[in-house]
Amino acid sequence: MSVKIADRLHSPGPKRMLALDGGGTRGIISIAFLEKIEETLRKKYKNNTLVLADYFDMIGGTSVGSLLATMLALGWDMAKVRRTFETWAPDLFSSFLRVGGYDARTLANKLRGLLKDMPLGSDDLKTGLTVVTKRSDTNSVWVFVNNPASIYWQGRDRRIGNKDYLLRDILRAATAAPTYYSPTDITLHSSQEDGKNIVDKGRFIDGAVSPHNNPSLQMFMLASIQGYNMGGNGKTWELGPDKLLMISVGTGSHVTEVQKSNLPYREAVGSLLSMMGDAEQLTLTLLQGLSVAPEGADGQARPRWLIDSEIGTMADHLMVGKPQLTFQRYDVPLDAEWLNGEKPREDQTGVRRGEHIEKALKTHKIRLPRDLDDMCKLINVNAMAKLYALAQAAAGEQVSEHDFPDAFDRHATPVLSGLPRPSLTVGVTGHRPNRLAISFDALVETCQRILVELPGNDGTRLAISLLAEGADRAFTEAALACGYDLHAYLPFARADYETTFADAGQLPAFHALLNRAQNVTELSGQLASSKKAYTTSGQAIIDESDVILGVWDGAPAAGKGGTPEIIEMALRCGKPVIWVDASGKSEARILAPGGEDTTLDAAQAAALPFSHDEIARLLKAG
């Protein structure tokens, strides 16, 4: 398992999850929404090569959603995902056998060609991956996650470790929908006894026949239940509306009517299918009852889905004392009343269809309710074009940049999806020239002495800086002189950021440092909310760094987003801080990290003299 994935899953700070429903060929609906999400994030971060694996820390799915999730976790862009799905669909569903549904060998061959012998623990996965399956022989939900801290990650005795299961086998299991594809067996235990190879296998079917066809609830449980160890060292991920973001994408929800029949098994099958709708509604009820929606441009919560006429959207009725996450759901209800704009009623709140969908219905000659039966089918290649058109229109109405709040502006850079993980990453926070008593050259020299002493010289070392005039620039020049690579974060668009420099004479040096950076990330801060932007960029640097170098004069903060606040944030996130006195009168000291209640005053009082050994100890402990 790549250290990159382990660090991404186990590091403190906000996390972002993407959950993809099952739904057969209706997966084309998810693809339309995912294309719009990718487009929105590329625009937000001014990065035309960003892929969803760069933004989301965990991507999970059930059935066809697991296939899409795996493609995304491999770092594919949406153009490649859609092209592959549209190419595969006619081949996968061209020959229906009298017994056993479609020919599973076609699916198995496609997966083998795509994934070869790639295991769940492969370094080719660029981010976290969750796949929901079900063991039919034990009637238990099995969730495969590439979390190296999970209890079954390593093999033990005869048991095969989760990291060694082949992804092609996992996906074959995850897409084995009863009556469509035959179940599949996966070897769980293997040993040699008396010269014979003894294996125990489990029989797996599609995770859609569990309560988790919409995997959002299962993924929330992964993040919030201690036993799953998503934070490493027995920890969960942090919960809260600014700590966990969940984006859930559907495949066309609809009501499955149980038809009366003289053949009892037909009613039984209909009842089973209707339970998938029940489970979906339960999941939506719980997630909306535990969360808040993102805020729109007007400061009001974005629209939520109407659950029923009795409890509404639960927008004002949390099931717990405080929200556990920010949650947003995208979907196209395949319901004639909703598509015609008749639901929700005028006296009800909830997501409504808009003019884009109305236009798509006319352009593609979709007749309601006549065409819905074909569009609702789990497998119908011929309906994919109309479903895509509707979903593309819905995505234009539902997906907004506001669904991806600034509090989650982290990791959305090619650093995690392409470049090797450095052996040590050092971030900086510090004063601008007006609060620096030490000379610039003396500060550069001090930073050089410290950077040379830090551990990690057996590999690539990375410096992260805002490149602001003063302490940031001195640190950056010192780091480059010591052979560190450079990643620059800009709190605002470059042109806006340059207006914050008090001395325009400093801009040529700023441009020179930008040109030497291996990566430059422009965050989406606004000058009108500069304090918020500096706090967000400070948190981004903390999240990426192993240690923070803080150039601080020891005085209280002059405002939010300033050096003292960023130092305190770093300590609360478990990152040690090397404190360089901005007056130049005192030697560098180490501020040891603590928990969420750490105060800067307490850390300052317990400061230790700087030494290589002490920093190495703190980094190892962290």
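First, a word on scope: everything that follows refers to the structure included in this document. (Residues numbered from 1 in each chain as written. Predicted model: local features only at pLDDT ≥ 70, side-chain atom pairs only at ≥ 80, totals over all residues. Heavy atoms only, no water.)

This part covers the overall build of the protein. Looking only at helices and strands, one finds 21 helices and 19 strands in the protein. Here the C-alpha radius of gyration of the protein, 26 Å, is about what a compact globule of 622 residues would show, namely 25 Å. Along the first, second and third principal axes, the C-alpha atoms of the protein reach 90 × 75 × 45 Å. The buried share among the 622 residues of the protein stands at 54%. (Helix = DSSP H or I, 4+ residues; strand = E, 2+ residues; numbered from the N terminus. Rg over C-alpha atoms; globule rule 2.2 N^0.38 Å. Buried < 20%, exposed > 50% of the residue type's maximum accessible area, 1.4 Å probe, protein only.)

All right, on to the pattern of salt bridges then. What the rule picks out here adds up to 34 salt bridges. Here aspartate 117 ties to arginine 168 by a salt bridge, and the two come within 2.5 Å at their closest N and O atoms. Placement of aspartate 117 in the loop between helix 6 (104-115) and strand 5 (128-135) and of arginine 168 in helix 7 (residues 167-174) is noted, with a sequence separation of 51 residues between them. A salt bridge links glutamate 568 to arginine 572; the shortest N-O distance between them is 3.7 Å. With glutamate 568 and arginine 572 both in helix 19 (residues 563-572), this residue pair falls 4 residues apart, about one helical turn. (Salt bridge = Lys/Arg side-chain N within 4 Å of Asp/Glu carboxyl O.)

Right, let's talk about the pairing of strand 16 (residues 547-552) for a bit. Counting buried positions over the 6 residues of strand 16 gives 6, a clear majority of the element. Neither face of strand 16 is open: one carries Val547, Leu549 and Val551, the other Ile548, Gly550 and Trp552, and all of them are buried. Two elements, strand 12 (residues 424-430) and strand 16, share 5 bridges in a ladder whose sense is parallel. In the strand pairing of strand 16, valine 428 is matched with leucine 549. Inspection of the sheet shows strand 16 paired to strand 17 (residues 577-581) by 5 bridges, in the parallel sense. Within strand 17, the position partnered with glycine 550 by the bridge is tryptophan 579. (Pairing = 2+ DSSP bridges.)

So, on to the pairing of strand 9 (residues 244-249). Burial within strand 9 is extensive, with 6 of its 6 residues counted as buried. On strand 9, burial covers both faces: Leu244, Met246 and Ser248 on one face and Leu245, Ile247 and Val249 on the other are all buried. Inspection of the sheet shows strand 1 (residues 15-20) paired to strand 9 by 6 bridges, in the parallel sense. Bridge assignment links alanine 19 to a residue of strand 9, and that residue is serine 248. The sheet contact formed by strand 9 and strand 11 (residues 325-330) spans 5 bridges and is parallel. Residue pairing for strand 11: serine 248 is matched across the bridge by arginine 329.

Ordered in space as 15-14-13-12-16-17-18-19, the 8 strands form an open sheet in which the pairing is mixed. Single-partner strands in this sheet number two, and they are strand 15 (519-522) and strand 19 (608-609). Judged from the 3 bridges that link them, strand 17 and strand 18 (residues 589-591) form a sheet pairing that is antiparallel. Across the sheet, residue valine 577 finds its bridge partner in strand 18, namely leucine 591. On the sheet, helix 15 (residues 471-481) packs against strand 12, strand 13 (461-465), strand 14 (485-490) and strand 16 and is oriented at approximately 155 degrees with respect to strand 12. (Contact = heavy atoms within 4.5 Å. Axes fitted to C-alpha atoms, helices over the stretch in contact; angles between N-to-C directions.)

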